[in-house]
Amino acid sequence: MESEEAPVNGWPKQQPTHHQVADELRKRIKSGKLEAGQRMPTQAQLADEFGVERGTVRQALRALQGDNLLTNVSRGAPATVAPDLGGTQAGPGAAPQPTAVGLAPRIEAAFEAPHVRIDALCLTSVSLTLAIGGALRRIHAGELAPTKVDVRVLLPSSAIALAFPAPVDAATDDRNLVHQHWLTQRNAQGQVLRSNLLGLRSTHGIEVNVSFRALPLTPPLKLYLLNEAEALFAYYTPRRREEEFDHERLEMYDPQGGQSTLFTFEQGALQRDATFVEQSRTWFEALWSTISEELRLSA
């Protein structure tokens, strides 16, 4: 009689998880068996080799893409092993990327946990809303299945004069115009984020909690804490640029947070990294529980 653990193509009959598939492919890349710039086998070939569904292969490939080991991960042509690995492929050793590029893969990885916890400190939550969109699409596609999601977001209060974004000319009318533009964006993005997450209650029966609080200051950096085990931060660096308001060009100082370089620190890595994560959590909790106040996204 055939054993329940009889191998299929060298793998146990019990299907491996996408984590196990990713770990095996990661070993092949780091060992040089799969070389930088080399095309990966097709998803169909990998699914056949590991005895899994293509969805499991796609999750594994996306995890490796999040580790900067693969490029061109899609449903079409095979993925490619990333060039210039240089021993800094993943986690805290990975080369920092702009927030618009590096945040989404880390958010998606966080959503692989049964209980997702995300704390964020930012100017508008634009980057967070966009990054969570990828995880939500994978939930709707049946690729991710958390049972609980808790999200807390700290944003600047509408009652303060922001250090940035702000007009170069300190004229009152210009400052009010830029402030109102920021406020509209803050409220709209927060409402979209909350609506998209709360929608998981009715569509997938996921327990979801989303909270916002307002800070009496302009944050000098953005911070994302994922599942109490990972801290990502980027400096807000104001730059002088022009934007059109009511058909008039206005010079302003704007940090354009999506372009800010994102640095990653993880628990379980170096002691310095673990300490940074812990101190970041302590700092966020202090801001949340002391100087912040309830935020209404309509004001």
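Residues numbered from 1 in each chain as written. Predicted model: local features only at pLDDT ≥ 70, side-chain atom pairs only at ≥ 80, totals over all residues. Heavy atoms only, no water.

Novice: Explain the overall build of the protein chain to me, please; I cannot follow it from the model alone.
Specialist: Across its full length, the protein chain holds 7 helices and 13 strands. Here the protein chain, with 299 residues, has 45% of them falling under the buried criterion. Restricting the contact set of the protein chain to residue pairs at least 6 apart, pairs at least 24 apart contribute 71%. When the accessible surface of the protein chain is split by element, carbon and sulfur atoms take 49% of a total near 15000 Å². (Helix = DSSP H or I, 4+ residues; strand = E, 2+ residues; numbered from the N terminus. Buried < 20%, exposed > 50% of the residue type's maximum accessible area, 1.4 Å probe, protein only. Contact = heavy atoms within 4.5 Å. Areas by Shrake-Rupley, 256 points an atom, 1.4 Å probe, with all protein chains shown as cover.)

Novice: For this particular structure, what's the right way to read the environment of Trp-182?
Specialist: Following the sequence through the fold, Trp-182 ends up in helix 6 (residues 172-204). Excluding anything up to four places from it in sequence, Trp-182 contacts Leu-123, Thr-124, Pro-156, Ser-157, Ser-158, Leu-162 and Pro-165.

Novice: Is there a simple way to explain helix 6 in this structure?
Specialist: The α-helix winds at 3.6 residues per turn, so residues separated by three or four positions along the chain end up facing the same way. Between its first and last C-alpha atoms helix 6 spans 48 Å; for 33 residues at 1.5 Å apiece the expected length is 48 Å, and the two agree. When helix 6 is considered as a whole, its buried residues turn out to be Val-178, His-179, Trp-182, Leu-183, Arg-186, Asn-187, Gly-190, Leu-193, Leu-197 and Leu-200. Just beyond helix 6, the residue with positive phi is Gly-205, at close to 65 degrees. (Expected span 1.5 Å × (residues − 1).)

Novice: Would you mind going over the packing of aromatic side chains with me for this structure?
Specialist: Geometrically, a pair of aromatic rings is defined through the distance of the ring centres and the angle of the planes. As enumerated under the stated definition, the model contains 7 aromatic pairs in all. Each member of the aromatic cluster is reached from another via a ring pair, and the members are Phe-233, Tyr-235, Phe-263, Phe-265 and Phe-276. In this structure, Arg-152 is placed above the aromatic ring of Trp-288, and the distance from its NZ or CZ to the ring centre is 5.0 Å. Across from the ring centre of Trp-288, 5.9 Å away, lies the NZ or CZ of Arg-213, which sits over that ring. (Phe/Tyr/Trp six-rings, centres within 6.5 Å; stacked < 30°, edge-to-face > 60°. Lys NZ or Arg CZ within 6 Å of the ring centre and 35° of its normal.)

Novice: In this structure, what is going on with unusual backbone geometry? I would like to understand it.
Specialist: Backbone geometry follows two general trends: most residues other than glycine have a negative phi, and most peptide bonds adopt the trans configuration. Here the amide bond leading from Phe-164 into Pro-165 is cis, since omega sits at 0 degrees, within 30 degrees of zero. One can find Pro-165 in the loop between strand 5 (148-156) and strand 6 (166-167). Positive phi is not limited to glycine here, since Gln-256 has a value of about 45 degrees. By the secondary structure assignment, Gln-256 is in the loop between strand 11 (248-254) and strand 12 (261-266).

Novice: I tried to follow helix 1 (residues 18-31) on my own but got confused; where do I start?
Specialist: The terminal C-alpha atoms of helix 1 lie 20 Å apart, and with 14 residues this matches the ideal 20 Å at 1.5 Å per residue to within 8%. Buried residues of helix 1: His-18, Val-21, Ala-22, Leu-25, Arg-26, Arg-28 and Ile-29, and no others. Looking down the long axis of helix 1, one finds its buried residues gathered within 160 degrees of arc, a one-sided arrangement. Exposed residues on helix 1 whose side chains face more than 90 degrees from its buried face are Lys-27 and Ser-31. Just downstream of helix 1 lies Gly-32, where phi reads positive at about 95 degrees. (Arc of directions from axis to C-beta.)

Novice: Any chance you could explain the nonpolar core here in plain terms?
Specialist: It is characteristic of soluble globular proteins that their nonpolar side chains tend to be buried jointly. Counting 41 residues, the largest nonpolar core has Ile-107, Phe-111, Ile-118, Leu-128, Ile-132 and Leu-197 as its most contacted members. A per-element tally of this core places helix 5 (residues 126-140) first, with 6 residues. Residues contacting Ile-118, with those up to four places away along its chain left out, are Ile-107, Phe-111, Leu-128, Ile-132, Asp-150, Val-151, Arg-152, Leu-225 and Leu-226. (Core = buried A, V, L, I, M, F, W, Y, C linked by side-chain atoms within 4.5 Å.)

Novice: For this particular structure, what's the right way to read the pairing of strand 4 (residues 115-121)?
Specialist: A large share of strand 4 lies buried, amounting to 5 of its 7 residues. Relative to strand 5, strand 4 runs parallel, the two sharing 7 bridges. Each residue of the ladder has a partner; that of His-115, found in strand 5, is Lys-148. Read from strand 4 through helix 5 to strand 5, the crossover connection turns out right-handed. Strand direction decides the pairing type here: strand 4 and strand 8 (residues 221-226), joined by 4 bridges, are antiparallel. Note on strand 8: the bridge partner recorded for Asp-119 is Leu-225. (Pairing = 2+ DSSP bridges. Right-handed = clockwise from strand over helix to strand, strands pointing away.)

Novice: Sorry if this is basic, but what is going on with the pairing of strand 5 here?
Specialist: For a regular strand, the rule is simple: side chains alternate between the two faces of the sheet. Counted residue by residue, strand 5 has 8 buried out of 9 residues, so it is predominantly covered. Looking at chain direction, strand 5 and strand 7 (residues 207-215) are connected through 9 bridges and run parallel. Looking at strand 7, one finds that Leu-154 is bridged to Arg-213.

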